[in-house]
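Secondary and tertiary structure notes
One-letter residues, chain by chain:
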Amino acid sequence: MASGPALDAAAGTREEDGAGDRVLGRHERYRGKFPINVQGLRNSFGDQVIHEDLDLSVRRGEILGVVGGSGTGKSVLMRSIIGLQIPDAGQIDVFGRSITTGDPDDVVGVRNRWGVLFQGGALFSTLTVGENVEVPLRKFYPELSEKLTHEIARYKVRLSGLPEEAVNKYPSELSGGMRKRAGLARALALDPELLFLDEPTAGLDPIGAAAFDELIRELKEALGLTVFLITHDLDTLHEICDRVAVLADRRVIAVDTVQRLMELDHPWIQEYFNGPRGRAALTAQALDELRKHMDMPIAANAVKALDNSAKGKA
Amino acid sequence: MERYAAFEVTEGDGPGATMTLSGPWLVSTVGAVEGDFAQAGEGVARFDLSRITEMDTAGAWLIARAAQSRGAEIAGANERAGRLIETIGGLESEGDVSAPRAGLLTRVPERMGEMIYNARSGTYGIMGFLGALILAVGSIVRHPRRFAGKAFVRQLELVGVSALPIVGLMSFLIGIVIAQQGAVQLAQFGAETLTVNLVGRITLRELGVLMTAIMVAGRSGSAFAAQIGTMKLTEEIDAMRTIGISPMEALVIPRILACVFMMIVLGFYSMVMAILGGAFVGDLLLGIPFATFLARIQEVVPIYDLWVGLIKAPVFGLIVALAGCYNGMQVKGNSEEVGLRTTMAVVSAIFAVIVLDAFFAVFFTKVGWS
């Protein structure tokens, strides 16, 4: 019998007080319903108010897409949730701990439970991809042996869909798509329960973007992730998001499935989902669904008819 | 709830032993048992996961690899654990996490070779840049209307007018230091009055222009490199070219002209400020009245000392501006290069200025302006 003695004696004493709002021990995963809970958030830069009275809850185990026009503060919302942007007012709870009012140590207590993929990847340019993945591991779990740390870095890189050789390459030697995957590998380094993705498919070609979507869905299912996903990509919304939050008028005006959102009578939502690009993404999605059932005669005929009509128009 | 990862080996009825794992097997907890786990259980034929409370990829990785290396089977995994082990188990990979690094004996010669090679391409680059510059000057002389007048005036302001406070303060302080330190030494020979000669000649001939050139290299040379380099990165320069604007005419020539012209003005201003600083010390510490100090300067400093300084000034300005613009135009690839090239612009400009200054010193002495 072997066990880790005195590993977190300090956490043990802290845990007893305050049963409702307790610090998660390092041996536990979050079991609550809403890992992210934002209430009455207000953000502003100078005179310009970005968010006003914004509420948002993210359910455990879902992929929540966040959409909104340029400048509606999608990235600011993400930065507020991960504690990079101090809001003017409002309450943000992550894993049941307050990000806004808690003291810095408590905030650190949740930092090893989330992974963030920034828009440009934000890889440390002086380190190789593998070393980038090792940075959070070494920071939070220095007790892991050198060998295991290397192994974890290697399988995380493979898990993110990068080839084996990429592990000892520098970020500058990778293409844009590979850099995103490397950023994802680093975001996954600590086996987070919560993953923040800021426009993961922006700047990728359609094939790469589709592959990235698929990867995120697979990872979410295999690892049991909750994903907070900022995107402009309509295909991503249709393909992988369980729910979509729409940012407009300085708050979240609706959170629902894409199907239900399209029925809402809001000018921006109508424009967004029922505009030419929105309809194209929807048609593609419908065709995909039909093709999956090609063995059924009705579906096969429908696909043929749709394909032919598309050709006829062109 | 158990809080530590643990394992136990029991001899079962069947062939081989069973290892029962319990508690959370997470990246945060496996560190404590990892070493024992790797060594334990030589003859284990079965891993029983039914008592594991939590698992993540790190736990799955350890278990999958242990099972694989011992040829053991995994039992009692719940749905999530099974999925994790299946996903992670197939991701075996070998190889180093850090970039390959050659030995010292390879790296030193390699680096030296690289430097020599770069020196060659650097020489080509400078020649090419000078050629393009001369062509651009020629085309502006032929078509004076293409001269970017507004940019030139703007650069005059940035290089010259904005530098007045800092150059003035620096020169004033240098004048003070020379006068004060010189006076202490000269007092040993009872020749404090020679402080006037010291301050006047050294600031006019050498320090005024030299220190100004160093300051301009730090202020403007670096700014040229960073501005042009950033424009290069954001493809502004390419955009200019496609519209038919020559970046040489629009960016480089105004900067170089402004720098050359302003170096003369700033150099002269610096000399004046340094002498004022010296006179200030003379008045305060040496008992030489302010006006007398200035009058003595006129008597003891030959006029060619001023020419020595003012002839050097535009040359130094040219070097500083050339280094800045050339390094800016050489930026390619990533933003890191901008920083690198900016540093290079300042260092090479200051180095070239000091080397040239030495040549000038010898030259002017030889021609009798000593």
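Owing to the predicted nature of the structure, the values given are computational and were not obtained by experimental measurement.

Some words on the overall build of chain A
Along its length, chain A carries twelve helices and ten strands. For chain A, restricting intrachain contacts to residue pairs at least 6 apart in sequence, the fraction spanning at least 24 positions comes to 63%. If you sum the accessible surface of chain A, you get close to 14,600 Å²; carbon and sulfur atoms cover 52% of it.

Digging into the overall build of chain B
Regarding its fold elements, chain B presents twelve helices and four strands. Relative to the globule expectation of 21 Å for 370 residues, the C-alpha radius of gyration of chain B, 36 Å, shows a markedly less compact shape. Taken across its 370 residues, chain B has 45% of its residues classed as buried. A separation threshold of at least 6 residues defines the contact pool for chain B, and within that pool the share at least 24 residues apart is 78%. Total accessible area on chain B is roughly 18,600 Å²; 65% of this is exposed by carbon and sulfur atoms. Looking at chain B, you have 27 positive and 31 negative side-chain charges, and the mean spots of the two groups are 17 Å apart.

Regarding the packing of aromatic side chains
Given two aromatic rings, one states the distance between the centres and the angle between the planes to describe the pair. Enumeration over the complete set of coordinates arrives at 18 aromatic pairs over all chains. When the ring of Tyr-304 of chain B is compared with that of Trp-369 of chain B, the centres are 5.8 Å apart and the planes differ by 5°; the resulting orientation is stacked. Of this pair, Tyr-304 of chain B sits in helix α11 (residues 303-329) while Trp-369 of chain B sits in the segment after α12 (335-366), placing them 65 residues apart in sequence. Tyr-304 of chain B gets classed as partly exposed once you look at its relative accessible area, which sits at 22%. Through pairs of rings, three or more aromatic residues link up here, namely Tyr-304, Phe-316, Phe-360, Phe-363, Phe-364 and Trp-369 of chain B. The ring of Phe-140 of chain A carries Lys-139 of chain A above its face, with NZ or CZ at 5.2 Å from the centroid. When the ring centre of Phe-124 of chain A is taken as reference, the NZ or CZ atom of Arg-186 of chain A above it lies at 4.6 Å.

Considering the side chain of Thr-29 of chain B
Of note, Thr-29 of chain B is situated in the loop between β2 (17-25) and α1 (34-39). On the basis of relative accessible area, Thr-29 of chain B is assigned to the buried category, the value being 3%. At a separation of 2.8 Å, a polar atom in the side chain of Thr-29 of chain B contacts the main-chain carbonyl oxygen of Pro-24 of chain B. Thr-29 of chain B has contacts with Arg-26 and His-27 of chain A together with Arg-3, Ala-5 and Pro-24 of chain B, leaving out every residue within four places of it along the chain.

Section: α11 of chain B
In this model, α11 of chain B (27 residues) spans 40 Å end to end at C-alpha, consistent with the 39 Å of a helix rising 1.5 Å per residue. Most of α11 of chain B is tucked away, with 20 of its 27 residues classed as buried.

Let's talk about the pairing of strand β6 (residues 114-117) of chain A
All names here are of chain A. Where burial is concerned, the two faces of β6 agree: the one with Trp-114 and Val-116 and the one with Gly-115 and Leu-117 are both buried. Note: β6 against strand β7 (residues 194-198), four bridges, orientation parallel. Across the sheet, residue Gly-115 finds its bridge partner in β7, namely Leu-195.

What about the interface of chain A and chain B?
Counting from both sides, the interface comprises 44 residues of chain A and, opposite them, 42 residues of chain B. In total, about 3,700 Å² of surface goes out of reach between chain A and chain B, with carbon and sulfur atoms giving 55% of it. Linking chain A with chain B are two salt bridges. At the junction of chain A and chain B, the tally comes to twelve residue pairs in polar contact (both at pLDDT 80 or more).

Comments concerning the sheet that holds β6 of chain A
Residues and elements named next belong to chain A. Read across the open sheet, the six strands follow the order β6-β7-β8-β3-β9-β10; overall the sheet is mixed. Sheet topology places β6 and β10 (251-256) at the edges, where each strand pairs with a single neighbour. On average, each strand axis in the sheet is tilted by 15° relative to the strand beside it, whichever way the strands run. Bridge analysis of strand β9 (residues 243-248) against β10 gives five bridges, and the strand direction is antiparallel. In the sheet register, Val-244 faces β10, and the bridge partner there is Asp-256. The strands touched by helix α2 (residues 74-81) within the sheet are β3 (63-68), β6, β7, β8 (226-230) and β9, with β8 carrying the most contacts at an inclination of about 145°. Strands β3, β6, β7 and β8 of the sheet are contacted by helix α7 (residues 206-223), whose axis makes an angle of about 140° with β3.

Considering the sheet that holds strand β4 (residues 73-75) of chain B
All names here are of chain B. Spatial ordering of the open sheet is given by β1-β2-β3-β4, a layout of four strands whose pairing is mixed. Two strands close off the open sheet at either side, each with one partner strand: β1 (6-11) and β4. Averaged over neighbouring strand pairs, the angle between their axes works out to 25° when direction is ignored. Bridge count for β1 against β2 is six bridges, and the pairing is antiparallel. By the bridge assignment, Ala-6 is partnered in β2 with Ser-22. Docked against the sheet, helix α2 (residues 57-70) engages β2, β3 (44-55) and β4, running at close to 175° with respect to β3. Running over the sheet, helix α3 (residues 79-89) touches β3 and β4 and is turned about 120° from β3.

Comments concerning the confidence of the model for chain A
Low-pLDDT stretches of the model should not have their predicted coordinates read in fine detail. All names here are of chain A. On average, residues of chain A carry a pLDDT of 80, and 83% of them reach 70 or more. Confidence, read as mean pLDDT per element, is least for helix α1 (residues 9-16) in chain A (38) and greatest for β8 (91). Counting interchain partners and residues more than four positions distant, the pLDDT-below-50 stretch residues 1-20 has 30 contacts.

A word on the packing of helix α7 (residues 195-233) of chain B against helix α8 (residues 236-243) of chain B
Residue and element names in this part refer to chain B. Two numbers describe how α7 lies on α8: the axes approach to 5 Å, and their chain directions differ by 75°. Put simply, α7 runs roughly perpendicular to α8. Between α7 and α8, the residues in contact are Ile-228, Met-231 and Lys-232 and Glu-236, Ile-237 and Met-240, respectively.

Points about a nonpolar patch on the surface
Residue and element names in this part refer to chain B. A cluster of nonpolar side chains, namely Phe-280, Leu-284, Leu-285, Phe-290 and Leu-294, defines an oily patch on the protein surface of about 470 Å² accessible area. Residue position: Phe-280 is located in helix α9 (residues 247-286). Overall, Phe-280 belongs to the partly exposed group, its relative accessible area being 36%.

Reading the values: the criteria
Residues numbered from 1 in each chain as written. Chains lettered and ligands numbered in written order. Predicted model: local features only at pLDDT ≥ 70, side-chain atom pairs only at ≥ 80, totals over all residues. Heavy atoms only, no water. Helix = DSSP H or I, 4+ residues; strand = E, 2+ residues; numbered from the N terminus. Contact = heavy atoms within 4.5 Å. Areas by Shrake-Rupley, 256 points an atom, 1.4 Å probe, with all protein chains shown as cover. Rg over C-alpha atoms; globule rule 2.2 N^0.38 Å. Buried < 20%, exposed > 50% of the residue type's maximum accessible area, 1.4 Å probe, protein only. Lys, Arg positive; Asp, Glu negative; His and termini not counted. Charge placed at Lys NZ, Arg CZ, Asp CG, Glu CD. Phe/Tyr/Trp six-rings, centres within 6.5 Å; stacked < 30°, edge-to-face > 60°. Lys NZ or Arg CZ within 6 Å of the ring centre and 35° of its normal. Polar contact = N/O pair within 3.5 Å; in protein donor to acceptor, adjacent residues only side chain to side chain. Expected span 1.5 Å × (residues − 1). Pairing = 2+ DSSP bridges. Buried area = accessible area lost by both parts, 1.4 Å probe. Salt bridge = Lys/Arg side-chain N within 4 Å of Asp/Glu carboxyl O. Axes fitted to C-alpha atoms, helices over the stretch in contact; angles between N-to-C directions. pLDDT = per-residue confidence, 0-100. Parallel < 35°, antiparallel > 145°, perpendicular 65-115°, else oblique. Patch = residues over 30% accessible without salt bridge, like charges linked within 9 Å, V, L, I, M, F, W, Y side chains within 5 Å.

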